[in-house]
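Each chain, written out:
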Amino acid sequence: MESKLSRALAPKRPDAPTLTSRQLVKAWWQALRPPFFIVDLIPVGLGGALAARDLGYWPWGIFAVVMVGCFCLHTVANIANDLFDYLEGVDTDETIGGTKVIQNGWISPRQICLTIIGLLLSTVLIGWWLIGHSGQEWLWGPVVFAVLSAVFYVAPPIRYGCRGYGELFVCLNMGFIMVMGSYAVMANGFSAQSLALALPVGLMVAGILYYQSLPEIETDLAAGKRTLANILGKAKAELVFKLWWPAVWVLMANLWACGLVGWPVFLGLLTFPLYWRACRLIHEAVEWLDLDQHGHLVRKLYLINGALLIAGVVLK
C-alpha cells in the first residue's frame, strides 16, 4: 500500500486537467483562501489599538509586518488542513469540507507540501525579526506553539482538531497569542490587559470554527473525525451555540465594567438579529448540511463585534 508520505509528495496525477494561467490562479486562490485572512485583522488590530493607546501613536510599520506573519501562518493552517484531510480520507467528493483542489487534480500534494514549507520558513523569519526588534525573547514560546498548532491541527500523530480540541486551540492561538503577541512586539512589553481583551476575541474565532463543524457533524463522525459538535450530539451542540454568543457579549460588557474598553462594545447587541437567525436556522434545519451556506452570519457576528471591541479600546 502506498505510504502517506509518498502520497504527500506525489506530483500531479497523469489524468490531471491542464489548467490555463487564469484557472491556475483561481485554483491557488481557492486553496489559499485569502478572504479568510480578514479574520486575523481583529486580534492583531486589537493588540495594535492597545499598543497605540499606551504609546500615544499607532506603530503602522510593525503592525504591517505582524499582519504578514499572521497571514503566512494562517495559510499554513488552511492548506495543511486540506492536505492531511485528503491523506486521511476525511475530505472526499461526497463531503463539503476542504477546497478539493487536490482531489480535482488542480494542485498536486507535492506543491502543497512545498508551499507549507516555504510559508513556515517565512513565518519563522518574520517572527525572528519581530522578536529581535522588540527584545521580547519570551515570545519564542508562543510562536513555536502557534507554528506547531497550525501544522498538527489535522497532521498525525497529534491531529488535535480531530480529537475535539479544535475550538480550544483556535481560542488560544487566534485569541490569546495573537492579541498578546501583537501588543508585545508593537509596544515592546507584556500587558495583562491584552489577555483580558483576547478572551472574547478567541471565543468569537472559535465560534466560527464551531459553527463550521455543525453541517459536517455526521460526515466528520463517519470519517472518524471527532469534533466538539459531534461529541456533544445535535441537541447539545445546538444548545452550546445558543449560549456561545451571549457569553461573548457578557465578556465584552465585563471589559467595560472593568474600565478596559469604552461604550462602543455595547453596540454589539445590535447584531442580535444575526445571532437569532443563525439559532433559528439550526433549530429548524432538517438536514444540517444545509447550514453550510449560512456561515456568513457567524462571520459577520465576529467581524462586527470584533471591530466594536477595537473601537472600544480606541475610544476609551
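Just so you know, these numbers come straight off a predicted model, no measurement behind them.

K.L.:
Which parts of the structure should I look at to understand helix α11 (residues 234-257)?
P.N.:
The α-helix winds at 3.6 residues per turn, so residues separated by three or four positions along the chain end up facing the same way. When the terminal C-alpha atoms of α11 are compared, their 35 Å separation across 24 residues agrees well with the 34 Å that a helix rising 1.5 Å per residue should span. If you check which residues of α11 are buried, you get A237, E238, F241, W244, W245, V248, W249, M252 and L255. Contact partners of the buried residues in α11: α7 (166-187), α8 (192-213), α9 (217-222), α10 (228-232), α12 (272-284) and α13 (296-314). Just beyond α11, the residue with positive phi is G259, at close to 80 degrees.

K.L.:
Would you explain the environment of K12 in this entry?
P.N.:
Here K12 shows up in the loop between α1 (4-8) and α2 (21-32). Between the alpha carbons of K12 and W106 there is a distance of 7.9 Å; along the sequence they are 94 residues apart. Residues within four places of K12 in sequence aside, it is in contact with P17, G105, W106, I107, S108 and Q111.

K.L.:
Is there a simple way to explain the UniProt feature "transmembrane region" (unreviewed entry) in the chain in this structure?
P.N.:
Per the UniProt entry, the sites bearing "transmembrane region" (unreviewed entry) are residues 57-77, 112-132, 138-156, 168-186, 192-211 and 243-266 in this numbering. With 100% helix and 0% strand, residues 112-132 has end C-alpha atoms that lie 30 Å from one another.

K.L.:
Help me understand the side chain of T271, please; the structure alone is not making it clear to me.
P.N.:
For T271, the position within the fold is in the loop between α11 and α12. Take T271: its relative accessible area is 5%, and that puts it in the buried class. A polar atom in the side chain of T271 sits 3.1 Å from the side chain of N305. Ignoring any residue separated from it by four or fewer positions in sequence, one finds T271 in contact with W249, L301, I304 and N305.

K.L.:
How do you make sense of the nonpolar core when you look at a structure like this?
P.N.:
Proteins that are soluble and globular tend to have nonpolar side chains buried together. One finds L214, F241, W245 and Y302 to be the most contacted residues of the largest nonpolar core, which totals 92 residues. Sort the elements by how many residues they give to this core and helix α4 (residues 60-88) lands first, with 13 residues.

K.L.:
Which parts of the structure should I look at to understand a nonpolar patch on the surface?
P.N.:
A cluster of nonpolar side chains, namely W256, W263, F266, L267, L269, L270, V314 and L315, defines an oily patch on the protein surface of about 840 Å² accessible area. Position of W263 relative to the elements: it lies in the loop between α11 and α12.

K.L.:
Would you take a moment to explain the packing of α4 against helix α6 (residues 140-151) for this structure?
P.N.:
The description of two packed helices rests on the angle between their axes and on the distance between the axes. Packing of α4 against α6 brings their axes to within 7 Å, and their N-to-C directions diverge by 30 degrees. As summarised for this structure, α4 and α6 are arranged roughly parallel, according to the angle between their axes. For the pair α4 and α6, contact is made by L73, V76, A77, A80 and F84 and by A146, V147, A150 and V151, respectively.

K.L.:
Looking at this structure, I do not really get the pattern of salt bridges. What am I missing?
P.N.:
Should the charged atoms of two oppositely charged side chains come close, the side chains can pair. Across all of its chains, the model carries 4 salt bridges by this definition. Across the pair R33 and D82 runs a salt bridge whose closest N-O atoms are separated by 3.5 Å. You can see R33 sitting in the loop between α2 and α3 (38-55) and its partner D82 sitting in helix α4, a full 49 residues away along the chain. For E238, the salt bridge is made with K242, and the minimal N-O distance between the two is 3.3 Å. Taken together, the residues E238 and K242, both in helix α11 and 4 residues apart, mark about one turn of the helix. Given a relative accessible area of 14%, E238 falls into the buried group.

K.L.:
I would appreciate a short explanation of the state of the cysteines in the present structure.
P.N.:
Two cysteines form a disulfide when their sulfur atoms are joined by a covalent bond. Here the structure, examined in full by the defined rule, presents 0 disulfides. In this structure C72 is a free cysteine whose sulfur lies 9.3 Å from that of C70, the closest cysteine sulfur available. We note that C162 lacks a disulfide partner, and the nearest cysteine sulfur, in C113, lies 17 Å from it.

K.L.:
What exactly am I supposed to notice about the packing of aromatic side chains here?
P.N.:
Applying the stated criterion across every chain, the model contains 15 aromatic pairs. Between the aromatic rings of W58 and F63, the centroid separation amounts to 5.7 Å while the plane-to-plane angle is 75 degrees, which identifies the pairing as edge-to-face. A relative accessible area of 22% means that W58 is categorised as partly exposed. What links up through ring pairs into an aromatic cluster is the set Y211, F241, W249, F272, Y275 and W276.

Criteria and cut-off values
Residues numbered from 1 in each chain as written. Predicted model: local features only at pLDDT ≥ 70, side-chain atom pairs only at ≥ 80, totals over all residues. Heavy atoms only, no water. Helix = DSSP H or I, 4+ residues; strand = E, 2+ residues; numbered from the N terminus. Expected span 1.5 Å × (residues − 1). Buried < 20%, exposed > 50% of the residue type's maximum accessible area, 1.4 Å probe, protein only. Contact = heavy atoms within 4.5 Å. UniProt positions renumbered as here; feature names shortened; annotations may be inferred. Polar contact = N/O pair within 3.5 Å; in protein donor to acceptor, adjacent residues only side chain to side chain. Core = buried A, V, L, I, M, F, W, Y, C linked by side-chain atoms within 4.5 Å. Patch = residues over 30% accessible without salt bridge, like charges linked within 9 Å, V, L, I, M, F, W, Y side chains within 5 Å. Areas by Shrake-Rupley, 256 points an atom, 1.4 Å probe, with all protein chains shown as cover. Salt bridge = Lys/Arg side-chain N within 4 Å of Asp/Glu carboxyl O. Axes fitted to C-alpha atoms, helices over the stretch in contact; angles between N-to-C directions. Parallel < 35°, antiparallel > 145°, perpendicular 65-115°, else oblique. Disulfide = S-S within 2.5 Å. Phe/Tyr/Trp six-rings, centres within 6.5 Å; stacked < 30°, edge-to-face > 60°.

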